[in-house]
Amino acid sequence: MHGLRSDRDMDTLSVSELFVSIQGESLAAGRLCAFVRLAGCNLRCAYCDTKYAWEADAGRAMPVEDIAAWVSRSGVPLVEITGGEPLLQPSVYRLMEDLVGRGLEVLLETNGHVDAGAVPQKVTRIIDIKTPGSGMAEGNYLVNLPFLRANDQIKFVLTGRSDYEWAKGILASHPELASTAAILFSPAFGILDPRDLAEWIIADRLPVRFQLQLHKYVWEPDRRGV
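So, here is what we can say about the structure in this document. (Residues numbered from 1 in each chain as written. Predicted model: local features only at pLDDT ≥ 70, side-chain atom pairs only at ≥ 80, totals over all residues. Heavy atoms only, no water.)

Looking now at the overall build of the chain. Counting its regular elements, the chain contains six helices and nine strands. On C-alpha atoms alone, the chain measures out to a radius of gyration of 17 Å, which is about the 17 Å that the 2.2 N^0.38 rule sets for 226 residues. C-alpha atoms of the chain, sized along the principal axes, occupy 55 × 40 × 30 Å. Taking all 226 residues of the chain together, the buried fraction comes to 52%. (Helix = DSSP H or I, 4+ residues; strand = E, 2+ residues; numbered from the N terminus. Rg over C-alpha atoms; globule rule 2.2 N^0.38 Å. Buried < 20%, exposed > 50% of the residue type's maximum accessible area, 1.4 Å probe, protein only.)

A cluster of nonpolar side chains, namely Val20, Ile22 and Leu32, defines an oily patch on the protein surface of about 230 Å² accessible area. You can see Leu32 is positioned in strand β2 (residues 32–38). Assessed through its relative accessible area of 47%, Leu32 is described here as partly exposed. (Patch = residues over 30% accessible without salt bridge, like charges linked within 9 Å, V, L, I, M, F, W, Y side chains within 5 Å. Areas by Shrake-Rupley, 256 points an atom, 1.4 Å probe, with all protein chains shown as cover. Salt bridge = Lys/Arg side-chain N within 4 Å of Asp/Glu carboxyl O.)

Further remarks concern helix α4 (residues 161–173). An ideal rise of 1.5 Å per residue puts 18 Å on 13 residues; α4 measures up with 19 Å between its terminal C-alpha atoms. Turning to α4, its buried residues number three or more, namely Asp163, Tyr164, Ala167, Ile170 and Leu171. The buried residues of α4 occupy an angular sector of 115 degrees when the element is viewed end-on, so they sit on one face. What points out from α4, more than 90 degrees from its buried face, is the exposed set Ser162 and Ala172. Where α4 is buried, its residues contact β7 (153–158), β8 (182–187) and α5 (194–204). (Expected span 1.5 Å × (residues − 1). Arc of directions from axis to C-beta. Contact = heavy atoms within 4.5 Å.)

Turning next to the nonpolar core. Considering soluble globular proteins, one finds that nonpolar side chains tend to be buried as a cluster. Among the nonpolar cores identified, the biggest contains 28 residues, and Val36, Ile81, Leu95 and Leu99 are the most heavily contacted of them. Put simply, the parts of the chain that give this core at least two residues each are β1 (12–22), β2, α2 (64–74), β4 (78–82), α3 (92–101) and β5 (105–110). Residues within four places of Leu99 in sequence aside, it is in contact with Ala68, Val71, Val79, Ile81, Leu104 and Val106. Formed by 21 residues, the second largest nonpolar core is a distinct cluster that contains Ile127, Phe156, Tyr164 and Ile201. (Core = buried A, V, L, I, M, F, W, Y, C linked by side-chain atoms within 4.5 Å.)

This paragraph deals with the packing of α2 against α3. At a minimum axis distance of 10 Å, the contact between α2 and α3 shows a crossing angle of 35 degrees. α3 is crossed by α2, and the crossing has right-handed handedness. In this structure, α2 contributes Val64, Ile67, Ala68 and Val71 to the contact, and α3 contributes Arg94, Leu95, Asp98 and Leu99. Looking at the contact of α2 with α3 residue by residue, the classes come out as six nonpolar, no polar and two charged. (Axes fitted to C-alpha atoms, helices over the stretch in contact; angles between N-to-C directions. Left-handed = near helix turned anticlockwise from the far one by under 90°. Nonpolar A, V, L, I, M, F, W, Y, C, P; charged D, E, K, R; others polar.)

What follows is about the packing of α4 against α5. Between two packed helices, the angle of one axis relative to the other and the distance separating the axes together describe the packing. Where α4 meets α5, the closest approach of the two axes is 11 Å, and the angle between their N-to-C directions is 35 degrees. The element α4 and its partner α5 pack so that their crossing is right-handed. Note on element contacts: α5 touches α4 through Leu197, Trp200, Ile201 and Asp204, opposite Arg161, Tyr164 and Lys168. Considering only residue class, the contact of α4 with α5 consists of four nonpolar, no polar and three charged.

On to the sheet that holds β5, then. On the basis of which strands lie adjacent, the open sheet formed by nine strands has the order β3-β1-β2-β4-β5-β6-β7-β8-β9 and mixed pairing. Bordering the open sheet on either side are β3 (60–63) and β9 (209–210), each of which pairs with just one other strand. Two elements, β2 and β4, share four bridges in a ladder whose sense is parallel. Residue Arg37 lies in a different strand from β4, and its bridge partner there is Thr82. Docked against the sheet, α5 engages β7, β8 and β9, running at close to 140 degrees with respect to β8. (Pairing = 2+ DSSP bridges.)

What follows is the structure, encoded as structure tokens:
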């Protein structure tokens, strides 16, 4: 019937790219990491640096088992599933279970507008909270906050002082965020001066982790596969 996915579809994922690089963000920053970037996203953030992964049909269809096998062959024990928005594809749950079953450390980057409750407990969820500067702060951006886990990491990408003050307000009104592994404040690359953000955090004694996108300082900012 129209609109129903076949069993074959449920065993495949639309993949934008697979690569091994240095993890540039999160608590794993600086570590060697295998990346699985899935295609398709429900948001259109103003500062997005992976617009090529916005459309699901821009990726290539790959069986879950082939993706997991590629990760195993990479020889890297840390893997991140990102996008796009990976949780839009139902087969991603099979992939996460497979990777966890292989004894790998699995990170999932999600934009925060999709329910992440079914993500396996052993997977580290890196959950964005989209600020007004992203253009995507409206909608169901707090869907995951009532169900946070101790291994979650919460990420704010900030475009300026107004975003920073907005994020502070979210922290004040949602004390449950403090129970997660980290609250990450990141300056939008090329938009907010990292020094400004660092100085605001210092002045306010804000209990967050300042982070940069390390890969953009090592390679060209728009280079893919790094």
